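# Structural overview for review
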Amino acid sequence: MADGSAHAEDVTATVRSLLHWALPTGHEDLYLAMVWRWWDDQALALLQGRLRSVEVGSAQAAVNDIRDRFANENLPTLVELSDVDTAEVVAEHGTRAFVQQMEWIAFPPVSLEKAIVDYYRAYTQTVRWIDEDLIGIPELSRFEAELIDEWEREFEWTVDNLDDDADDKAKQRAGKDMLRQLLLRTGISVRARYNDPFFARGQRHMLADSGRIGWHPDFESRLTQLLQVPA
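Residues numbered from 1 in each chain as written. Predicted model: local features only at pLDDT ≥ 70, side-chain atom pairs only at ≥ 80, totals over all residues. Heavy atoms only, no water.

### Remarks on the overall build of the protein chain
Per the secondary structure count, the protein chain includes 10 helices and zero strands. Put simply, the protein chain runs from its N terminus to its C terminus through helices and strands in the order α-α-α-α-α-α-α-α-α-α. For the protein chain, the C-alpha radius of gyration of 22 Å lies well beyond 17 Å, the compact-globule estimate for 231 residues. Along the three orthogonal principal directions, the C-alpha set of the protein chain runs to about 80 × 40 × 35 Å. A separation of at least 24 residues holds for 74% of the contacts in the protein chain among residues at least 6 apart in sequence. (Helix = DSSP H or I, 4+ residues; strand = E, 2+ residues; numbered from the N terminus. Rg over C-alpha atoms; globule rule 2.2 N^0.38 Å. Contact = heavy atoms within 4.5 Å.)

### Focus: the pattern of salt bridges
As a working rule, side chains carrying opposite charge can pair if their charged atoms are close by. Under the criterion given, the structure shown has 13 salt bridges. The salt bridge involving Lys 171 is made with Asp 218; its shortest N-O contact spans 2.9 Å. Of the two residues, Lys 171 sits in helix H8 (residues 168–184) while Asp 218 sits in the loop between helix H9 (197–209) and helix H10 (219–227), which places them 47 residues apart along the sequence. Note on Asp 218: relative accessible area 28%, which makes it partly exposed. A single network of salt bridges, built from pairs that share partners, joins Glu 150, Glu 154, Arg 185 and Arg 204. (Salt bridge = Lys/Arg side-chain N within 4 Å of Asp/Glu carboxyl O. Buried < 20%, exposed > 50% of the residue type's maximum accessible area, 1.4 Å probe, protein only.)

### A short note on the side chain of Thr 126
Counting through the fold element by element, Thr 126 comes out in helix H6 (residues 109–131). You can call Thr 126 buried: its relative accessible area is 10%. At 3.2 Å, the side chain of Thr 126 forms a polar contact with the side chain of Gln 203. (Polar contact = N/O pair within 3.5 Å; in protein donor to acceptor, adjacent residues only side chain to side chain.)

### Quick notes on the packing of aromatic side chains
By the definition in use, this model includes 12 aromatic pairs. Taken together, a centroid distance of 6.3 Å and an interplanar angle of 15° make the contact between Tyr 119 and Tyr 123 stacked. Within this pair, Tyr 119 and its partner Tyr 123 are both found in helix H6, separated by four residues, close to a single helical turn. Take Tyr 123: its relative accessible area is 43%, and that puts it in the partly exposed class. Here the aromatic rings of Phe 143 and Phe 199 are separated by 5.8 Å at their centres, their planes lie at 10°, and the arrangement is stacked. Here the residue Phe 143 occupies a position in helix H7 (residues 137–160), and Phe 199 occupies one in helix H9, the gap between them amounting to 56 residues. (Phe/Tyr/Trp six-rings, centres within 6.5 Å; stacked < 30°, edge-to-face > 60°.)

See the structure below:
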């Protein structure tokens, strides 16, 4: 060990002391966990030869960027794509109502898997944000209301543009086009500076899972049949 360097058991406390100026009040431990995660990624890249060194400027930029995610108009992403075991998540959530809704419009299989991952990440992140006191129920409810309002506008146009004698193929096509357009939109966000697109996509699937929105023009009657319990 080099003279003057910290003992292994003292490293965490030393880092916390050095970064005291950046610690977001009330979220100190979460912030430090995110810093350590960034450092773990750098260390792995160094070991694998993908990175030759970690510049001081890069470290300072990373520390500031992570701190910025705790600003009033922003939020930290706590469930990264790399955290997700896709096969496990698809197996666990593949029979949910929102998946059935997407199958009614013949959504492509790879996109369907990605939708299940978005749902899982958004749901898990929402729970963690609430647990960490990063966001409140009223703010989430306002976000949901905006997504529902957007869907109501699109759903009415989708149904209105169908012929009275439209068959199920035409309805599938219309619902698929509507869902694809909505999933590509990033105009509505839970906070002004939080723009990770998976969250809005996942929230739409959460709303579809509860039956509050849907994609097939006949989704309401289909959901009623799906949820009927045999006598």
